[in-house]
Amino acid sequence: MTETSFIPGPDTTRAFREALGCFATGVTVVTTMTDAGPRAITVNSFSSVSLTPPMVLWCLDHQSNRFDAFAAAQAYAIHVVGEEQQALALDFARDGTDFSHAHWQEGEAGVPLLDDCLARFECRLSAAHEAGDHLIIVGEVTRAMHRPGQGLIFKRGQYGAFTGLL
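### What about the sheet that holds strand β4 (residues 46-50)?
In space, the 7 strands of this open sheet follow the order β3-β2-β6-β9-β10-β5-β4, with antiparallel pairing throughout. Edge positions in the sheet fall to β3 (37-43) and β4, since each has one partner strand and no second. With strand direction ignored, the average angle separating the axes of adjacent strands in the sheet is 35°. Looking at chain direction, strand β5 (residues 55-61) and strand β10 (residues 134-146) are connected through 7 bridges and run antiparallel. Within β10, the position partnered with M55 by the bridge is E140. Strand contacts of helix α3 (residues 86-94): β2 (28-34) and β3, with the helix running at about 110° to β3, the strand carrying the most contacts.

Here is the structure:
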């Protein structure tokens, strides 16, 4: 095995991204409603923050063409994607304005709620923190749901699923 050691910086961005990719994450789709209609973005930077009060966070890239819509959102929903929903995650990674491939309804806060997700967290904005080239968005969870199933996984630039439990 060949180990790659480096100091993170502008000249080693790709190596840093590859190192981060060694950590498998779940896949989420975040949705909100704008004056121009529903918007979505596929995100793997999702984490729990607090049980009391119930809070979660996700990170939004300043370079995203959806930055303005989500940075301004006061309410949004985070959908944990099931392993059978890879196409949905890919569709929203490519285009956050086309909901024609998704089954959804409007939630109590007016945000799009996607059907058949593994878990969903309806949130209202609690805080936003600048962090390098991303905005950390912290939300207080106002409603949540979950169902049985396996989550879609993202690692080293590829989608996958669990092959079994130990």
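### Section: the packing of aromatic side chains
Overall, the coordinates contain 6 aromatic pairs when judged by the stated rule. Ring geometry for F92 against F99: centres 4.8 Å apart, planes inclined by 55°, an arrangement best described as tilted. For F92, a relative accessible area of 0% gives the class buried. By relative accessible area, which is 7% here, F99 ends up buried. Members of the aromatic cluster, connected to one another through ring pairs, are W58, F70 and Y76.

Conventions we followed
- Residues numbered from 1 in each chain as written.
- Predicted model: local features only at pLDDT ≥ 70, side-chain atom pairs only at ≥ 80, totals over all residues.
- Heavy atoms only, no water.
- Pairing = 2+ DSSP bridges.
- Helix = DSSP H or I, 4+ residues; strand = E, 2+ residues; numbered from the N terminus.
- Axes fitted to C-alpha atoms, helices over the stretch in contact; angles between N-to-C directions.
- Contact = heavy atoms within 4.5 Å.
- Phe/Tyr/Trp six-rings, centres within 6.5 Å; stacked < 30°, edge-to-face > 60°.
- Buried < 20%, exposed > 50% of the residue type's maximum accessible area, 1.4 Å probe, protein only.

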